[in-house]
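This is what each chain is made of:
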Number of protein chains: 2
Amino acid sequence: MGEARWGPRERMVFSAAQLIRRDGVAATGMREVAAHAGAPRGSLQHYFPGGKEQLVNEAVGWAGRYAGKRIARFLAGLERPTPSGLFAAMAAQWTDEYAADGFTAGCPVAAATVECAAAGGSTREAAAAAFATWRSPLAEALAGMGVPAARAASLATLMISTLEGAILMARAERDTAPLRTAVRELGPLLDAAVAPAP
Amino acid sequence: MGEARWGPRERMVFSAAQLIRRDGVAATGMREVAAHAGAPRGSLQHYFPGGKEQLVNEAVGWAGRYAGKRIARFLAGLERPTPSGLFAAMAAQWTDEYAADGFTAGCPVAAATVECAAAGGSTREAAAAAFATWRSPLAEALAGMGVPAARAASLATLMISTLEGAILMARAERDTAPLRTAVRELGPLLDAAVAPAP
DNA sequence: CGGCTACTATGACAGCGGTCATACCCGGCT
DNA sequence: AGCCGGGTATGACCGCTGTCATAGTAGCCG
C-alpha cells in the first residue's frame with residue numbers, strides 16, 4: 001500500500017496499525033511506533049495529545065476505513081460479481097499475504113477488541129465503529145447483487161465474523177486452510193441468497 | 001463452573017484463563033493471577049518454573065479441553081441432535097453469558113493467538129493445539145449426525161471460525177446480534193450437510 | 001528584524017512487569 | 001530427634017512503558 005508521501009502523522013497511524021496487527025495493542029510501544037514510522041518521538045505528544053489511546057483509536061479507525069474501501073475495489077475486480085466471489089476476494093487478500101509474508105499479522109480491529117473491550121476506554125467504541133465502517137459497504141454490495149436488504153445486512157455480518165475467525169485460526173495453525181474452508185463452505189450459501197429472478 | 005475444591009495449581013491456571021479472557025495476555029500480570037486465585041505469590045515460580053509463558057500455555061490448553069468437553073454436553077442436552085442445534089447451543093453459551101454478566105470476556109484462545117502468534121514463543125502452538133482439541137470432538141459429533149467425514153471436518157472448522165468471529169464482533173458492539181445472526185444464517189447450511197437417508 | 005506558531009528533541013520520572021534469590025514453615029520419613 | 005523436600009513468603013532488581021516538562025529549531029508573517 002502507499003507509504004511514501006504521507007505526512008508524519010499519517011505514517012504514525014499507519015505504523016501503529018501495522019504493529020498492533022502483529023503484536024497486539026499492549027505489546028506495541030509508543031517509541032516503537034515512532035521508530036517504525038521514521039518519525040521523531042516528540043511528534044507523538046504533538047499529534048496525539050490523547051496519548052496511546054488516541055493513537056490506537058485512530059489506527060483502528062484507519063483499518064476500518066481501509067477494509068471498507070477494499071470492498072469497492074474487490075467488487076470492481078470481479079467481472080461477474082457474485083456474493084461468493086466477493087467473499088473469496090476478501091479471503092484471498094489474507095491467503096495471499098500469508099503465503100507471501102508468513103502468518104505474522106492479523107486484523108488490528110480484532111486485536112483492539114480482544115485487549116480493550118473489557119477496559120472501559122474508548123477503544124471499544126472505535127472497534128465497533130470500524131466494524132460498522134467495514135460492514136456497511138459490504139451489505140450495500142450484496143444488495144447491489146440482488147440480495148434482499150434485510151438479508152444483506154445479516155450476511156455481511158456473517159461474512160465478517162467468519163473471515164475474522166478464520167484469520168484467527170489460520171494464524172494459530174500457520175495454515176490458510178481455515179480461510180479456504182470458509183470460502184468453500186460459505187460460498188454456496190451466499191450465492192443462494194440472491195433473489196431469484198422471475 | 002466448579003471452582004472450589006481444586007488445588008492451588010489448578011486454581012491459578014483457571015484464574016489465568018479467566019483474566020486472559022477479559023484483559024488479554026499482556027495485560028494480565030502474574031501477581032494478579034495469584035491474587036485472583038487466592039494463591040500465594042511464591043507458588044507461581046514453584047508450579048510454573050517456565051514463567052508466564054508456561055502459565056499462559058496451560059491456561060490456553062485448559063480452555064481448549066473445556067471447549068472440547070462442552071461439545072459432548074451440548075450433544076447430550078439435545079433431544080433431537082442436529083448440526084444446527086449443536087451450533088445454536090454453542091452460541092447460546094455466549095449469548096447467555098453476555099446477557100447475564102455483560103460483554104467483559106471473550107475467548108482466551110483468541111486472545112493468546114492475537115497477542116502471541118507473531119512472537120516466536122510456544123504459545124502459538126498451544127493455541128493451535130487448543131483449536132484442535134476443540135474441533136476434533138465437534139467434527140466427530142457432526143459425523144455422528146450423518147455428516148460425511150470429510151465434510152464434517154470442514155464444517156467443524158467453519159463453525160468455530162464463525163463463532164470466534166461472532167464473539168469478537170459481539171464484544172466490540174456490546175450486542176449479541178452477531179452471535180444470533182451466525183446461528184440463524186448458518187443453521188440451514190449445517191443441517192443440509194447431513195447425508196440424505198435413502 | 002521580532003515574534004509567533006508548528007514541530008522537534010531530550011531527559012526525567014514514576015509505575016509496573018516478570019524474574020531471581022533467599023529465607024521460612026511444616027509435615028513426613030527413618 | 002534429625003533431616004528433607006514440597007510449598008510459602010518476601011524483597012530486590014532491572015528493564016520497559018506512557019507521560020510530563022522543558023528546551024530547542026524552522027519557517028512564515030508582519
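All values reported here derive from a predicted model rather than from experimental measurement. Within any chain, residue numbers begin from 1 and follow the written order of that chain's sequence. In the order they appear in the text, chains get letters beginning with A and ligands get numbers beginning with 1. This being a predicted model, a pLDDT of at least 70 is required before a residue's local features are given, and a value of 80 or more before pairs of side-chain atoms are given or counted; all residues contribute to the totals for chains, interfaces and linings. Just so you know, side-chain values use all the structure's heavy atoms and leave hydrogens and water out.

1. What to know about the UniProt feature "domain: Transcriptional regulator LmrA/YxaF-like C-terminal" (unreviewed entry) in chain A
For clarity, the cut-off: UniProt positions are given in the numbering used here, feature names are shortened, and annotations may be inferred rather than shown by experiment. For the purposes of this entry, the term helix denotes a DSSP run of H or I that reaches at least four residues, the term strand denotes a run of E that reaches at least two, and both are numbered from the N terminus.
Residues given the UniProt feature "domain: Transcriptional regulator LmrA/YxaF-like C-terminal" (unreviewed entry) here are residues 86-184 of chain A. When the span residues 86-184 of chain A is considered, its composition is 81% helix and 0% strand, and the gap between its end C-alpha atoms is 13 Å.

2. Observations regarding the relation of the copies chain A and chain B
Applied cut-off: Least-squares superposition of the copies uses the C-alpha atoms of those residues scoring a pLDDT of at least 70 in each of them.
Rotating chain A by 180 degrees and moving it 0.0 Å along the rotation axis overlays it on chain B with an RMSD of 0.0 Å. This pairing of chains is accounted for by a two-fold axis.

3. Considerations on helix α5 (residues 83-101) of chain A
Residue and element names in this part refer to chain A. Applicable threshold: In this analysis, the expected span of each helix is defined as 1.5 Å times one less than the number of residues it contains. For each residue, the accessible area found with a 1.4 Å probe, counting protein chains only, is set against the maximum for its type, and the residue is called buried under 20%, exposed over 50%, and partly exposed in between.
Under the 1.5 Å per step criterion, the end-to-end length of α5 is 27 Å for 19 residues, consistent within 8% with the ideal 27 Å. Restricting attention to buried positions, one finds in α5 the residues Pro83, Ser84, Gly85, Leu86, Phe87, Ala89, Met90, Ala91, Trp94, Thr95, Glu97 and Tyr98. Trailing α5 by a residue or two, glycine 102 shows a phi angle of about 85 degrees, which is positive.

4. Some remarks on the protein's contact with DNA strand C
Our working rule: By convention in these notes, a residue is near a molecule or strand provided one of its non-hydrogen atoms lies within 4 Å of it. Polar contact is defined as a pair of N or O atoms within 3.5 Å, subject to the rule that within protein one atom must be able to donate a hydrogen and the other to accept it, and that residues adjacent in sequence are counted only when both atoms are side-chain atoms.
Around DNA strand C, the structure places 14 residues, and the nearest of them are Pro40(A), Arg41(A), Ser43(A), Met30(B) and Arg31(B). Protein-proximal atoms of DNA strand C, defined as those within 4 Å of the protein, fall in sugar or phosphate at a share of 47%. Here a phosphate oxygen of DNA strand C sits 3.0 Å away from a polar atom, N or O, in the side chain of His46(A). Contacts to DNA strand C include Lys52(B), whose side-chain N or O atom sits 3.0 Å from a phosphate oxygen. Sort the elements by how many residues they give to the surface near DNA strand C and helix α3 (residues 42-47) of chain A lands first, with four residues.

5. Comments concerning the state of the cysteines
Operational definition: In plain terms, two cysteine sulfur atoms within 2.5 Å form what is called a disulfide here.
Counted under the stated rule, the structure contains zero disulfides over all chains. For Cys107(A), which is in no disulfide, the shortest distance to another cysteine sulfur is to Cys116(A) and amounts to 13 Å.

6. A short note on the interface of chain A and chain B
In many analyses, interface size is given as the accessible surface area lost on bringing the parts together. Defined as follows: Any two residues whose heavy atoms approach within 4.5 Å at even a single point are treated as in contact. Each of two parts loses accessible area, computed with a 1.4 Å probe, when they are put together; buried area is these two losses added. Any Lys or Arg side-chain nitrogen located within 4 Å of an Asp or Glu carboxyl oxygen qualifies as a salt bridge.
Each partner contributes to the interface: chain A provides 41 residues, whereas chain B provides 41 residues. With both sides pooled, the region where chain A packs onto chain B buries about 3700 Å², and carbon together with sulfur makes up 65% of that total. Counting the contacts that link chain A with chain B gives four salt bridges. Among the ionic pairs, Glu173(B) bridges to Arg135(A), the shortest N-O distance being 2.6 Å. Inspection of the region where chain A meets chain B yields nine residue pairs in polar contact (both at pLDDT 80 or more).

7. Digging into the nonpolar core
Put simply, the rule reads: In plain words, nonpolar cores are sets of buried Ala, Val, Leu, Ile, Met, Phe, Trp, Tyr and Cys residues tied together by side-chain atoms within 4.5 Å.
Formed by 132 residues in total, the largest nonpolar core has its most connected members in Met90(A), Leu163(A), Leu186(A), Met90(B), Leu163(B) and Leu186(B). Excluding anything up to four places from it in sequence, Met90(B) contacts Ile71(B), Phe74(B), Trp134(B), Leu138(B), Met159(B) and Leu163(B).

8. Considerations on the side chain of Arg21(B)
All names here are of chain B. Considering the arrangement of structural elements, one finds arginine 21 in helix α1 (residues 8-23). A distance of 2.7 Å separates a polar atom in the side chain of arginine 21 from a polar atom in the side chain of glutamate 97. Dropping the residues within four chain positions of it, arginine 21 is found in contact with Trp94, Glu97, Thr104, Ala105, Gly106, Cys107, Pro108 and Arg171.

9. Quick notes on the packing of aromatic side chains
To keep things clear, this is the line we draw: Pairing of aromatic rings covers Phe, Tyr and Trp, the last through its six-membered ring, and needs centres within 6.5 Å; plane angles under 30 degrees mean stacked, over 60 mean edge-to-face, and all others mean tilted.
Applying the stated rule across the entire model yields 12 aromatic pairs over all chains. Ring plane angle 10 degrees and centroid distance 6.4 Å describe the contact between Phe131(A) and Trp134(A), whose orientation is recorded as stacked. With a gap of three residues between them, Phe131(A) and Trp134(A) both fall in helix α7 (residues 123-144), about one helical turn apart. Under the relative-accessibility criterion, Phe131(A) is labelled buried at 0%. Assessed through its relative accessible area of 8%, Trp134(A) is described here as buried. Between the aromatic rings of Trp62(B) and Tyr66(B), the centroid separation amounts to 5.4 Å while the plane-to-plane angle is 10 degrees, which identifies the pairing as stacked. Here Tyr66(B) and Trp62(B) lie together in helix α4 (residues 51-77), a separation of four residues that amounts to about one turn. Residue class for Tyr66(B) comes out partly exposed when judged on its relative accessible area of 24%. Linked through ring pairs, Trp6(A), Phe14(A), Trp62(A) and Tyr66(A) together constitute an aromatic cluster.

10. Re the protein's contact with DNA strand D
Around DNA strand D, the structure places 14 residues, and the nearest of them are Arg31(A), Lys52(A), Pro40(B), Arg41(B) and Ser43(B). Backbone atoms, meaning sugar plus phosphate, form 48% of the atoms of DNA strand D positioned within 4 Å of the protein. Within the contact set of DNA strand D, a base nitrogen lies 3.0 Å away from a side-chain nitrogen or oxygen of Gln45(A). Here Lys52(A) contributes a side-chain N or O atom positioned 2.7 Å from a phosphate oxygen of DNA strand D. Contributions of two or more residues to the surface near DNA strand D are made by α2 (30-37) and α4 (51-77) of chain A together with α3 (42-47) of chain B.

11. Things to note about the packing of helix α9 (residues 177-191) of chain A against helix α8 (residues 149-173) of chain B
For clarity, the cut-off: To get an axis, a line is fitted to the C-alpha atoms, and for a helix only the part in contact is used. The angle between two axes follows their N-to-C directions and goes from 0 to 180 degrees. Oblique is the label for any angle not covered by the other classes, which are roughly parallel (under 35 degrees), roughly antiparallel (over 145) and roughly perpendicular (65 to 115).
Across the interface, α9(A) lies against α8(B) with an axial gap of 9 Å and an inter-helix angle of 100 degrees. In terms of orientation, α9(A) lies roughly perpendicular with respect to α8(B). Along the contact surface, α9(A) presents Pro178(A), Thr181(A), Ala182(A), Arg184(A), Glu185(A) and Leu186(A), while α8(B) presents Arg151(B), Ser154(B), Leu155(B), Thr157(B), Leu158(B) and Ser161(B).

12. Let's talk about the pattern of salt bridges
Where charged atoms of side chains with opposite charge meet at close range, the side chains can pair. Under the counting rule described, the total for this entry stands at 12 salt bridges over all chains. Taking the shortest distance from any N to any O, the salt bridge between Glu58(A) and Arg9(A) comes out at 2.9 Å. You can see Glu58(A) sitting in helix α4 and its partner Arg9(A) sitting in helix α1 (residues 8-23), a full 49 residues away along the chain. On the basis of relative accessibility, which here comes to 25%, the residue Glu58(A) falls in the partly exposed class. Of the charged contacts, one joins Glu185(B) and Arg184(B) as a salt bridge, the two residues approaching to 3.8 Å between their closest N and O atoms. Look at Glu185(B) and you get buried, because its relative accessible area is 5%. Residues joined in a network through salt bridges with shared partners are Arg151(A), Arg184(B) and Glu185(B).

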